[in-house]
Amino acid sequence: MKSLWNDADAAKCNDDLDLRVYSSRLLGADESLVMHGGGNTSVKSVVRDFFGDEVEALLVKGSGWDLGTIERPGFTALRLAETQRLATLDELSDLDMTRELTRQKLDPGAPSPSVEAILHAVLPAKFVDHTHTDAVVTLTNTPNGEALTRELYADCLVLPYVMPGFILSKQVADAIASEDLSRYAGIILLHHGVFTWGEDARGSYERMIELVDRAERFLAERGRVVHAGGEAELDLDGLARIRKAVSSARGRAQLAVIDRSGDAVGYASRDDVAVIATRGPITPDHVIRTKRVPVVLAESPKEGVPEVEAYTQAYRAYFEANHFEGLTMLDQAPRAGVWRNRGTLAFGNTLKECAIIADIARHTRWAIQTAESLDGSNAGWAALSPKEIFDLEYWSLEQAKLKKAAPPSVHTGKVAVVTGAMQGIGRAICEQLKADGAVVVGLDIDGAIEKSFDAAGMLGRVCDVTDEQSVRQSLEAAVERFGGIDIAVSNAGVFRPGERVADMTDEAWDTTLRVNLTGAQRFLKHASRFLVHGVDATAIVVGSRNVAAPGPGAGAYSASKAGLTQLARVLALELAPQGVRVNTVHPDAVFDTALWTEDTLKTSAKRYGLTVEEYKTRNLMKREITSADVGRLVSAMAGPAFALTTGAQIPIDGGNDRVI
Ligand code: ZN
């Protein structure tokens, strides 16, 4: 580990807080030092209160900020003396600690201070740095971890694990009351992390780097540190099956993101992986993201995936064994998985949640394999006991961090695939499903789809629905990326005006039938493979008012949509036993789509002797129907209000007496 300190950058800092931001970001730049909120920093400085009076303050990292991206507002100023005084109490409940720290904020609008704020306050140095660094914690998570740590860090204060927050602050305050802190280079907290300090930002930061470097060198010398690598085939049906089992354990749809990197596959292929992967996390604070252990899954998951059921049972037993008065059990679903010989998995409501879990899993397997590779009796992964992990998992201050996430929307955790997604109705459906929480895979023959769908949670793929291979590959890509398919919307279609039967070219007929009917059949056929493993799965077919009320000049279009509607009814019969709903939406007169140009609008209006405006609102309610209206209906049809509806045809046409 090397110092990233740069004098030129540091010289641009104007005050203590600038320097604090600068060196915090240096720590945050290295994932092996701090990950997703694991770690915090502070500086003691004089600030001015509302009256302009000088106040001695502790500026400590606020909750919700990551060190890698922290800015000045990410530090909360607390009155220093009062914060220090809290450590003199014999006891302080979490509720009181939160209240008292809130009371000491100089700016009531500043973020909640770190749960380690009191500890930062009692360390008698200007700058204090704290990390949950992989290397040091790995060393402490071994059978002889404490002895090895005391030997390697003879110049540090080494303290046994206690709960973070007030108890840890008190432990450190008591320890340093009877010790001359200047003798020590830092504090090593077993199974937790490292504290360093200094009168200047650089000193505190570089001491941290030095202490971490020491552990890294030790592990490299004493361990064989051979981290397995490998390659594996992806079993998409197995993946969808696993995702469904985890979703039902969680009680809502979950994304399932697979890591098939050589490193992940190598780990999942180790003979001993089921044993070493299930001993516990690197540091207990990971538990709120990953739960205590991952689920270990067989290479070829059986129907129903019994390992997930066993996991939930084991979780209930863990709760029973460790819970105390007043606790309510959290959900029992795994957040991480080790899929034998195939890779590792992250399960979550959102892609962001999955990315955090995947990051933690990557660091965890490095740590476990490193510990396992140490020489002789030093080898092994010895995490904290389930009870200690449990206490942190159910600690109100840790659970509070999760509550900051946005509440789930109706389609959160669901995966939708929509054809003809580039424009018009297809586009509007994608946007509504996304707004309602789903991740959306948009398929279109237009090559611009990939760039157009590059937002988080959206994937654009070029797909020709008339090409069976292209359809199959696109659906497989959706499963590979997100773990399954819950909502399949068949929307792609063409409309050739002037299709009077007498004048219709064979080409017009063939193309219309090929895209609107055969293309939809290919899509529904291959989507069905995954929908049967989906969560509240549904296929939705975009039909047309023409099915019930055809007009002249649209023979091929009307015939294709009528055929498609019949196909959807048959599919509804076929998939109902597996819980998959199939419904058809019949829009009419949606003119903000690529099917309609100025010219086609004028021609059609003229045919009925109407102006374009009259033609657009030619329905019983005299209302224009937009793509967004259809998007809202389709998203609703994919949701719980339609949970018991299948084989239905829902018009969205402003009312049509020929349909009614
Ligand atoms: Zn910590």
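Scroll up to find the structure.
Residues numbered from 1 in each chain as written. Predicted model: local features only at pLDDT ≥ 70, side-chain atom pairs only at ≥ 80, totals over all residues. Heavy atoms only, no water.

## Topic: the pattern of salt bridges
Rules: Salt bridges are counted wherever a side-chain nitrogen of Lys or Arg sits within 4 Å of a carboxyl oxygen of Asp or Glu. Labels follow the DSSP assignment, with helices taken as runs of H or I lasting at least four residues and strands as runs of E lasting at least two, numbered in each case from the N terminus.
Taken as a whole and judged by the stated rule, the model has 39 salt bridges. Of the charged contacts, one joins Arg-250 and Asp-331 as a salt bridge, the two residues approaching to 3.5 Å between their closest N and O atoms. Here the residue Arg-250 occupies a position in helix α10 (residues 236–250), and Asp-331 occupies one in the loop between α14 (306–322) and β10 (336–339), the gap between them amounting to 81 residues. For Glu-353, the salt bridge goes to Arg-250, with nearest N and O atoms at 3.7 Å. Of this pair, Glu-353 sits in helix α15 (residues 351–372) while Arg-250 is found in helix α10, placing the two residues 103 residues apart along the sequence. When salt bridges that share partners are traced, they join Asp-237, Arg-472, Glu-476 and Arg-529 into one network.

## Remarks on the packing of aromatic side chains
Spelled out, the test is: For Phe, Tyr and Trp, where Trp contributes only its six-membered ring, two rings pair if their centres lie within 6.5 Å, and the inter-plane angle classes them as stacked under 30 degrees, edge-to-face over 60, or tilted in between. Only protein chains enter the accessibility calculation, which uses a 1.4 Å probe; a residue is then buried when its area is under 20% of its type maximum, exposed when over 50%, and partly exposed in between. In this analysis the charged atom, NZ for Lys or CZ for Arg, is taken to sit over a ring once it is within 6 Å of the ring centre and within 35 degrees of the ring normal.
Enumeration according to the criterion identifies 12 aromatic pairs in this entry. Ring geometry for Phe-319 and Tyr-394: centres 5.5 Å apart, planes at 55 degrees, overall tilted. Remark: Tyr-394 occurs in the loop between α16 (386–393) and α17 (396–403) and Phe-319 occurs in helix α14; sequence separation between them is 75 residues. The exposure classification of Phe-319 matches that of Tyr-394, with both residues buried. Through a chain of ring-to-ring contacts, the aromatic side chains of Tyr-315, Tyr-318, Phe-319, Phe-324, Phe-390 and Tyr-394 assemble into a single cluster. Cation over ring: Arg-618 sits above Tyr-608, and NZ or CZ is 4.2 Å from the ring centre.

## Details of the sheet that holds strand β14 (residues 458–462)
Counted only if it meets this: Two strands qualify as a pair provided that DSSP identifies no fewer than 2 bridges between them. Axis definition: a line fit to C-alpha positions, over the contact stretch in the case of helices; interaxial angles, taken between N-to-C directions, run 0 to 180 degrees. Residue contacts follow a heavy-atom distance rule, with two residues in contact if any of their heavy atoms lie within 4.5 Å.
Strand order in the open sheet formed by 7 strands is β14-β13-β12-β15-β16-β17-β18, and the pairing between neighbours is parallel. In the strand order of this sheet, the two ends are held by β14 and β18 (649–652), each with one partner. Ignoring which end each strand starts from, the neighbouring axes of this sheet average 20 degrees apart. Relative to β18, strand β17 (residues 581–587) runs parallel, the two being bridged by 4 bridges. Each residue of the ladder has a partner; that of Pro-587, found in β18, is Ile-652. Against the sheet, helix α25 (residues 627–637) engages β15 (487–490), β16 (538–542), β17 and β18, with an angle of about 165 degrees to β17.

## Let's talk about the environment of Glu-507
Along the chain, Glu-507 turns up in helix α21 (residues 506–531). Spatially, the C-alpha atom of Glu-507 lies 71 Å from that of Cys-13, the residues being 494 residues apart in sequence.

## Focus: the side chain of Asn-491
Applicable threshold: Contacts described as polar in this section are N or O atom pairs within 3.5 Å, which, within protein, must combine one atom able to donate a hydrogen with one able to accept it, while residues neighboring in sequence count only if both atoms come from side chains.
Its place among the elements puts Asn-491 in the loop between β15 and α21. Reaching out from Asn-491, the side chain makes a polar contact with the backbone oxygen of Gly-420 at a distance of 3.0 Å. Contacts of Asn-491, omitting those with residues within four sequence positions, involve Thr-419, Gly-420, Ile-425, Gly-426 and Val-542.

## A look at empty space enclosed by the protein
Cut-off, in case you're wondering: Computed over the protein atoms alone on a 1 Å grid, cavities are sets of points where a 1.4 Å probe fits but cannot get out and pockets are open sets with protein on both sides within 12 Å along at least five of seven lines; a residue lines them when it has an atom within 4 Å of a point. Grid points are joined across faces, edges and corners, and a volume is the space filled by probe spheres set on the points. Here the nonpolar group is Ala, Val, Leu, Ile, Met, Phe, Trp, Tyr, Cys and Pro; Asp, Glu, Lys and Arg are the charged ones; every other residue, Gly included, is treated as polar. The split of the chain into domains comes from an automatic or database domain assignment.
Inspection of every chain in the model, using the stated rule, returns 2 cavities of 30 Å³ or more. Of the volumes computed, that of the largest cavity is approximately 240 Å³. Surrounding the largest cavity, 20 residues form its lining, Ala-277, Pro-294, Ala-336, Ala-361 and Thr-364 being those nearest its centre. Counting residues per element, the ones that place at least two in the lining of the largest cavity are β10 and α15. Of the residues forming the lining of the largest cavity, the biggest block, 6 residues, is contributed by α15. Here the lining of the largest cavity is composed, by residue class, of 11 nonpolar, 6 polar and 3 charged. Taken as a whole, the second largest cavity encloses approximately 50 Å³ of empty space. What lines the second largest cavity is Glu-31, Ser-32, Leu-33, Val-34, Met-35, Gly-38, His-132, Asp-134, Thr-283, Asp-285 and His-286. For the lining of the second largest cavity, the residue count by class is 3 nonpolar, 5 polar and 3 charged. Residue assignment places the lining of the second largest cavity across two domains, with domain 1 (7–222) and domain 2 (236–404) each supplying three or more.

## Let's talk about the pairing of strand β13 (residues 439–444)
Buried residues dominate β13, accounting for 6 of its 6 residues. Relative to β13, strand β12 (residues 415–419) runs parallel, the two sharing 5 bridges. In the sheet register, Val-418 faces β13, and the bridge partner there is Gly-442. Pairing between β13 and β14: 5 bridges, direction parallel. Paired with Gly-442 across the strands is Gly-460, a residue of β14.

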